[in-house]
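# Observations on the model geometry
Below are the chains, spelled out letter by letter.
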Amino acid sequence: MKNNLRNSIYGALGFVFQLAITLFTMPYIVHKLTPELYGIYILSTSLIGFVSFMDLGLGQGIIKFVSEYEAKKDYEGIKNVIGVSFYIYLIMGIIGAILIFALTDNLVILFRVNEKYKDLASYVFHMTAIGFFINFIANIFLPIPKALQRYDIATKSEVGIQLLFNLLIVCLLYLGYGLKEVIIANLGFGIVRLITYFLIFRKMLPNIPLNPTFRIDVFKRIFSFSIFTAINAITGNLVFRIDKMIISSFLGTTAVTYYTIPFMMVQLGYGFVGSTAHFIFPASSSLFSLGLKEELIQVYRKATQYSVLISTIFAVIFIVLGNSFLTFWMGADFARSTEGLIPIIAIVFFFQSVSIPAFHVYNGLGLPKINMISSFVGSSAYLISALILIPPYRLLGAALSFGFTLLPFPFYFYYLHRRIGIRNRDFYVMLLKSLSIICIISILFHFFLNH
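Residues numbered from 1 in each chain as written. Predicted model: local features only at pLDDT ≥ 70, side-chain atom pairs only at ≥ 80, totals over all residues. Heavy atoms only, no water.

A few words now on the confidence of the model for the chain. Within the chain, residue pLDDT values average 82, and 91% of them lie at 70 or more. Averaged pLDDT values over the elements of the chain bottom out at 69 in helix H1 (residues 2-33) and peak at 91 in helix H16 (residues 341-354). (pLDDT = per-residue confidence, 0-100. Helix = DSSP H or I, 4+ residues; strand = E, 2+ residues; numbered from the N terminus.)

Structure (structure tokens):
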């Protein structure tokens, strides 16, 4: 339990520091690049994230099996998992980079890039292809500290790299450089990130060789778990990557910025819940492999209670003060262009944040299939509604479409609670109380504000 608390605290600290970095640097970056060029930058990073589904979910598989084998002191099993994963990452990394590079001209047309920025966008997407390969290979090593439940190491490394990267971007823009130089810096820090996490891997698992090998029995075991997390990642990207591409195709790159900033603001706030809950996956995997069911239930109950509490606080803050903060942060004109988006996005993220502990427990139990089904249903509903609602209702339609990701919510919790043996009624009573608090405070605030 002490390790769980430490990992939760470090996850929270990592979130707080990364949030602070974003809050201080983003307005300046958007201002210097302009909303249209920042939209191109967001699309390039979204491409990296979207094509990352080609890892076949092996990142989650590494956490699952390394944590399980480490609990059993099976270092031969860890060696096999790392070797097979490395082999797959090399092949898929090359394929993904070639795919992005080859489709650059089509992407420029698809995203409706302004004529005067087409050459710049092509350059950015070509560099993105190289950046994808570097970041993809780094994903072999990123899960290791988490699998070994050393979130302190993961947090310190990620925060340090992000801080230096954002400071460099600010300096480049201050000195008069533009998007090209920002993308080159992004590429450089991808290399730094790769080297950093490789050294961490070597220090934490000094006796595990890094040799790309392929063993069909090992691959089948990892793949039987990771294929569902891979499909889950694909459908998740429909929400967090393709939404920007759909918006760009209908409304242009500037609209991507006006939607992404408030969305990112709310997402970062609720990210506090996710940052404190990552430890649940390796912890539940270890407890389940050792047959400690009561301890697993205790971890899930406490994590869910804290998730509901924190999510309620953030929902109230964003609904009541979100637009005022956006006005202060990005300016009144920017806030007027995004009016009505924050409350809708905040409520959707409330429900998604509440489900984070359940998501990690499902993976820990070896049931990523349930996460995959839930994500597929919700993302499919989102994609269909986005194509219907964005053309007539523009950015408000995008926010409303985001709510369709919650379609599988009731079944998702019902099945997990039945599986681990706890009552659904207790969960829904807790959820109803939280929603009542959010509604009452929001209504009272707007009543007194208007009188």
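Throughout the structure, instances matching the rule amount to six salt bridges. Between Arg-336 and Asp-333 there is a salt bridge, with the nearest N and O atoms lying 2.2 Å from each other. Residue Arg-336 and its partner Asp-333 are both found in helix H15 (residues 332-337); the two are separated by three residues, about one turn of the helix. According to the relative accessible area criterion, Arg-336 is exposed, its value standing at 53%. Classification of Asp-333 by relative accessible area gives exposed; the value is 54%. (Salt bridge = Lys/Arg side-chain N within 4 Å of Asp/Glu carboxyl O. Buried < 20%, exposed > 50% of the residue type's maximum accessible area, 1.4 Å probe, protein only.)

Inspection of the secondary structure puts Thr-260 in helix H12 (residues 253-277). Ignoring sequence-local partners within four residues, the contact set of Thr-260 consists of Ile-42 and Lys-244. (Contact = heavy atoms within 4.5 Å.)

We now examine the nonpolar core. Of all hydrophobic cores here, the largest spans 105 residues; its most connected members are Tyr-38 and Tyr-259. Element by element, the count of residues in this core is highest for helix H14 (residues 293-330), at 16 residues. With residues near it in sequence (within four places) discarded, Tyr-259 still touches Asp-243, Ile-247, Leu-341, Ile-345, Leu-395, Ala-398, Ala-399 and Phe-402. Counting 37 residues, the second largest nonpolar core, distinct from the first, contains Ile-63, Ile-82, Ile-137 and Phe-225. (Core = buried A, V, L, I, M, F, W, Y, C linked by side-chain atoms within 4.5 Å.)

This paragraph deals with the packing of aromatic side chains. Enumeration over the complete set of coordinates arrives at 24 aromatic pairs. Between the aromatic rings of Tyr-87 and Phe-214, the centroid separation amounts to 5.4 Å while the plane-to-plane angle is 45°, which identifies the pairing as tilted. With Tyr-87 in helix H4 (residues 75-102) and Phe-214 in the loop between helix H9 (179-204) and helix H10 (216-240), the pair connects residues that are 127 residues apart, well separated along the chain. On the basis of relative accessible area, Tyr-87 is assigned to the partly exposed category, the value being 33%. For the pair Tyr-259 and Phe-263, a centre-to-centre distance of 5.5 Å together with 35° between the ring planes defines the contact as tilted. Of this pair, Tyr-259 and Phe-263 both sit in helix H12, four residues apart, which is roughly one turn of the helix. On the basis of relative accessibility, which here comes to 2%, the residue Phe-263 falls in the buried class. (Phe/Tyr/Trp six-rings, centres within 6.5 Å; stacked < 30°, edge-to-face > 60°.)

Across the nine residues that make up helix H17 (residues 356-364), a large majority, eight, are buried. Along H17, the residues that are buried comprise Ile-356, Pro-357, Ala-358, His-360, Val-361, Tyr-362, Asn-363 and Gly-364. Two residues or fewer after H17 comes Gly-366, characterised by a positive phi angle close to 80°.

Turning next to the environment of His-417. Mapping His-417 onto the fold places it in helix H19 (residues 409-420). Leave out the neighbours within four places in its chain, and His-417 touches Tyr-300, Ile-422, Arg-423, Asn-424 and Phe-427. At 2.7 Å, the side chain of His-417 forms a polar contact with the side chain of Tyr-300. (Polar contact = N/O pair within 3.5 Å; in protein donor to acceptor, adjacent residues only side chain to side chain.)

This next bit is on a nonpolar patch on the surface. Among the surface-exposed residues, Tyr-87, Ile-91, Ile-95, Phe-214 and Ile-216 lie close enough to one another that they form a single nonpolar patch of about 440 Å² accessible area. At three residues, H4 tops the list of elements feeding residues into the nonpolar patch. Of note, Ile-216 is situated in helix H10. (Patch = residues over 30% accessible without salt bridge, like charges linked within 9 Å, V, L, I, M, F, W, Y side chains within 5 Å. Areas by Shrake-Rupley, 256 points an atom, 1.4 Å probe, with all protein chains shown as cover.)

Taking 1.5 Å per residue as the helical rise, helix H3 (residues 58-71) with its 14 residues ought to reach 20 Å, and the 19 Å between its terminal C-alpha atoms agrees with that figure. Buried within H3 are the following residues: Leu-58, Gly-59, Gly-61, Ile-62, Ile-63, Lys-64, Phe-65, Val-66, Ser-67, Glu-68 and Tyr-69. Residue Lys-73 follows H3 closely and has a positive phi angle near 60°. (Expected span 1.5 Å × (residues − 1).)

Another point: the packing of H12 against helix H18 (residues 368-402). Relative orientation of the contacting elements H12 and H18 amounts to 40°, with a least axis distance of 10 Å. Judged by the angle between their axes, H12 and H18 are oblique. Seen from above, H12 lies across H18 with right-handed handedness. Between H12 and H18, the residues in contact are Ala-255, Tyr-258, Tyr-259 and Phe-263 and Leu-395, Ala-398, Ala-399 and Phe-402, respectively. Residue composition of the contact of H12 with H18, grouped by class: eight nonpolar, no polar and no charged. (Axes fitted to C-alpha atoms, helices over the stretch in contact; angles between N-to-C directions. Parallel < 35°, antiparallel > 145°, perpendicular 65-115°, else oblique. Left-handed = near helix turned anticlockwise from the far one by under 90°. Nonpolar A, V, L, I, M, F, W, Y, C, P; charged D, E, K, R; others polar.)

Looking now at the packing of H12 against H16. Contact geometry for H12 and H16: axes closest at 10 Å, N-to-C directions at 30°. Where H12 crosses over H16, the handedness of that crossing is right-handed. Across the interface between the two elements, Tyr-258, Tyr-259, Pro-262, Phe-263, Met-265, Val-266, Gln-267, Tyr-270 and Val-273 from H12 touch Leu-341, Ile-342, Ile-345, Ala-346, Phe-349, Phe-350 and Ser-353 from H16.

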